[in-house]
Amino acid sequence: FFSYFRELICYSAPTFAIMKFSILIVTMMASTANALFMPLQSLAVGESFPASALSKWGLKGKKGVVYFYGADDAPSCSKQNSAFDESLPEFKAKGFAVVGVRNAKGAKGADVSQKLVVDEDDEVRNEIGIPKDFFLLGGRETYVLNSKGEVELVFNSQFEPEKHVQKALAMAEEMQEAPAQNPIAELLASFSK
């Protein structure tokens, strides 16, 4: 980047160099703004959550909500943890387990009822590709999973910690209302495909 900038200044007319540099800056700002306001999501609906994480966190074969956040003592993370804690009876009534995930640096001790786990060296976060917010903060992302470990909902928002709970509860309600599938019918249908 700096060699490109030096080349612009040294070998081009000053106004041309300023124009090129301005275009470069505007392009960089636009891509940064896009990354900030239109967050990327790692796993998509229908994809499988890593089986090793589901086993390790006690979610294998269960419907669950897995939410990734930064640190127990960060104000917005505390809001999110508290909101999930307050809604835990509703999730349990719908048959969902709730697990909050942070890295070792973020484990400061939160007084909540839901299970909180440490993602050592961000192993799972990196495996599923949760992007960092603002290029340095661990992304705040929530997954609602069916009992097969498939993603039913992904929600990513650094600025709306309570909305993670609202979205997850709405999906849990929707999944609860869905008619139960007949395993034998599913098996027979898989042979006809």
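Being a predicted model, the structure only gives us computed values, none of them experimental.

A. Inspection of the overall build of the protein chain at higher detail. Scanning the protein chain from N- to C-terminus turns up seven helices and five strands. Seen in sequence order, the protein chain has helices and strands lined up from the N terminus as α-α-α-β-α-β-β-α-β-β-α-α. Buried positions account for 35% of the 193 residues belonging to the protein chain. Counting every atom, the protein chain has about 11500 Å² of accessible surface; 59% of that belongs to carbon and sulfur.

B. Geometry of the pairing of strand β4 (residues 141–145). Of all five residues in β4, five are buried, a share of seventy percent or more. In this sheet, β4 lies alongside strand β1 (residues 63–68) in antiparallel orientation, the contact comprising five bridges. Across the sheet, Val 65 pairs through a bridge with Val 144, a residue of β4. Note that β4 and strand β5 (residues 151–156) share five bridges and pair antiparallel. Paired with Thr 142 across the strands is Phe 155, a residue of β5. Between the end of β4 and the start of β5, which pair antiparallel, lie five residues, with Gly 149 showing a positive phi angle near 85°.

C. Region of interest: the confidence of the model for the protein chain. For the protein chain, per-residue confidence averages 81 on the pLDDT scale, and 73% of positions sit at 70 or higher. Note on residues 30–39: pLDDT under 50 across the span, and four contacts to partners over four residues away in sequence or across chains.

D. Layout of a negative patch on the surface. There is a patch of like negative charges on the surface, built from Glu 120, Asp 121, Glu 123 and Glu 127. Looking at the element boundaries, Glu 127 is found in helix α5 (residues 123–128).

E. Spatial organisation of helix α6 (residues 161–177). Here α6 is 17 residues long and its end C-alpha atoms lie 26 Å apart, about the 24 Å a rise of 1.5 Å per residue gives. The set of residues buried in α6 consists of Pro 161, His 164, Val 165, Ala 168, Leu 169, Met 171, Ala 172 and Met 175. The buried side chains of α6 occupy one side of the element, clustering within an arc of 165° when seen end-on. In α6, the exposed residues that point more than 90 degrees away from the buried face are Gln 166, Glu 174 and Glu 177. Contact partners of the buried residues in α6: β1, α4 (75–93), β2 (96–102), β4 and β5.

F. The packing of aromatic side chains, seen in detail. All chains considered together, the criterion is met by eight aromatic pairs. Their ring planes at 55° and their centres at 6.3 Å tell us that Phe 49 and Trp 57 sit as a pair that is tilted. Taking relative accessible area as the criterion, Trp 57 reaches 3% and is therefore assigned buried. Their ring planes at 35° and their centres at 6.5 Å tell us that Phe 49 and Phe 68 sit as a pair that is tilted. Placement of Phe 49 in the loop between α2 (14–37) and α3 (51–56) and of Phe 68 in strand β1 is noted, with a sequence separation of 19 residues between them. For the pair shown, Phe 49 and Phe 68 are each scored as buried.

G. Summary view of the environment of Asp 111. Within the element layout of this structure, Asp 111 appears in the loop between β2 and β3 (115–118). A residue is classified by how much of its surface remains accessible, and Asp 111, at 80% relative accessible area, is exposed. Along the backbone, Asp 111 and Asp 85 are 26 residues apart, and their C-alpha atoms lie at a distance of 9.2 Å.

H. Geometry of the sheet that holds β2. Read across the open sheet, the five strands follow the order β3-β2-β1-β4-β5; overall the sheet is mixed. One side of each edge strand has no neighbouring strand; the edge strands of this open sheet are β3 and β5. Between one strand axis and the next, the sheet turns through 20° on average, direction left out of account. Strands in contact with α6 are β1, β2, β4 and β5; relative to β5, the strand with the most contacts, it is inclined by about 165°.

Parameters at a glance
Residues numbered from 1 in each chain as written. Predicted model: local features only at pLDDT ≥ 70, side-chain atom pairs only at ≥ 80, totals over all residues. Heavy atoms only, no water. Helix = DSSP H or I, 4+ residues; strand = E, 2+ residues; numbered from the N terminus. Buried < 20%, exposed > 50% of the residue type's maximum accessible area, 1.4 Å probe, protein only. Areas by Shrake-Rupley, 256 points an atom, 1.4 Å probe, with all protein chains shown as cover. Pairing = 2+ DSSP bridges. pLDDT = per-residue confidence, 0-100. Contact = heavy atoms within 4.5 Å. Patch = residues over 30% accessible without salt bridge, like charges linked within 9 Å, V, L, I, M, F, W, Y side chains within 5 Å. Salt bridge = Lys/Arg side-chain N within 4 Å of Asp/Glu carboxyl O. Lys, Arg positive; Asp, Glu negative; His and termini not counted. Charge placed at Lys NZ, Arg CZ, Asp CG, Glu CD. Expected span 1.5 Å × (residues − 1). Arc of directions from axis to C-beta. Phe/Tyr/Trp six-rings, centres within 6.5 Å; stacked < 30°, edge-to-face > 60°. Axes fitted to C-alpha atoms, helices over the stretch in contact; angles between N-to-C directions.

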